[in-house]
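If you want the building blocks of each chain, they are given just below.
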Amino acid sequence: MEYRVDDRELDAARFIAFVNQVWPGSYDEEKTRSALSKTLNITAWDGDVLAGCLRILTDGCFFGTITELLVLPEYQKKGIGSKLLQLAKENTPTTLYFGAQPGVEEFYEKNGCQKGFQSYTIRKKRQ
């Protein structure tokens, strides 16, 4: 497995194809390209297969958040998510705050993440 920190070559179309295998949806390529340009992208590659990706959104000084940590289903339970999280810890300029999908809290806790405050959302209609 090859891991890339700050993967600036991550293509929006390839990322969308990857995400659709984990979170199927209708993703706009231009918006995805814009989003990828604003995050620190840490990727896991098995040859030419994007097997995992962790994205960090940060202001560089005070705040950072993991927007998502995704691993293809066939690559899960092989340490890829743990390695991506380790690389995030080593390469983030700030403390990271993030939420976890229900049922995966144990993964984060076993990887040394401390449970914090309850999170809240303010929903906005997508346009």
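Predicted model, so just to flag it, every value in this text is computed and none were measured.

A.B. asks: How would you explain the nonpolar core if you had to name every residue and give the values?
C.D. replies: Grouped together as the largest cluster of nonpolar side chains are 29 residues, with contacts concentrated most on Leu-10, Phe-15, Phe-18, Ile-42, Leu-54, Ile-56 and Leu-84. Those elements giving two or more residues to this core turn out to be α1 (12-22), β2 (40-46), β3 (49-58), β4 (64-71) and α3 (80-91). Aside from chain neighbours lying at most four places away, what touches Leu-84 is Tyr-3, Ile-42, Thr-43, Ala-44, Gly-52, Cys-53, Leu-54, Leu-69, Leu-70 and Val-71.

A.B. asks: Describe the side chain of Asn-41, and please don't skip the residues or the numbers.
C.D. replies: Within the secondary structure, Asn-41 sits in strand β2. What makes Asn-41 buried here is its relative accessible area of 2%. Separated by 3.0 Å, the side chain of Asn-41 and the backbone oxygen of Leu-36 make a polar contact. Leaving out residues up to four positions away in the same chain, Asn-41 has contacts with Arg-4, Val-5, Asp-6, Asp-7, Leu-10, Leu-36, Leu-54 and Arg-55.

A.B. asks: Tell me about the sheet that holds strand β1 (residues 2-4), and name the residues and values.
C.D. replies: Strand order in the open sheet made by the five strands is β1-β2-β3-β4-β5, with mixed pairing throughout. Each edge of the open sheet carries a strand with a single partner, namely β1 and β5 (96-97). Relative to β4, β3 runs antiparallel, the two being bridged by seven bridges. Its bridge partner lying in β4, Gly-52 is registered against Val-71. Here α1 sits on the sheet and contacts β2, β3 and β4; the angle it forms with β3, its principal contact strand, is near 100°.

Conventions and cut-offs
- Residues numbered from 1 in each chain as written.
- Predicted model: local features only at pLDDT ≥ 70, side-chain atom pairs only at ≥ 80, totals over all residues.
- Heavy atoms only, no water.
- Core = buried A, V, L, I, M, F, W, Y, C linked by side-chain atoms within 4.5 Å.
- Buried < 20%, exposed > 50% of the residue type's maximum accessible area, 1.4 Å probe, protein only.
- Helix = DSSP H or I, 4+ residues; strand = E, 2+ residues; numbered from the N terminus.
- Contact = heavy atoms within 4.5 Å.
- Polar contact = N/O pair within 3.5 Å; in protein donor to acceptor, adjacent residues only side chain to side chain.
- Pairing = 2+ DSSP bridges.
- Axes fitted to C-alpha atoms, helices over the stretch in contact; angles between N-to-C directions.

No statement about biological role is implied by the geometric values presented.
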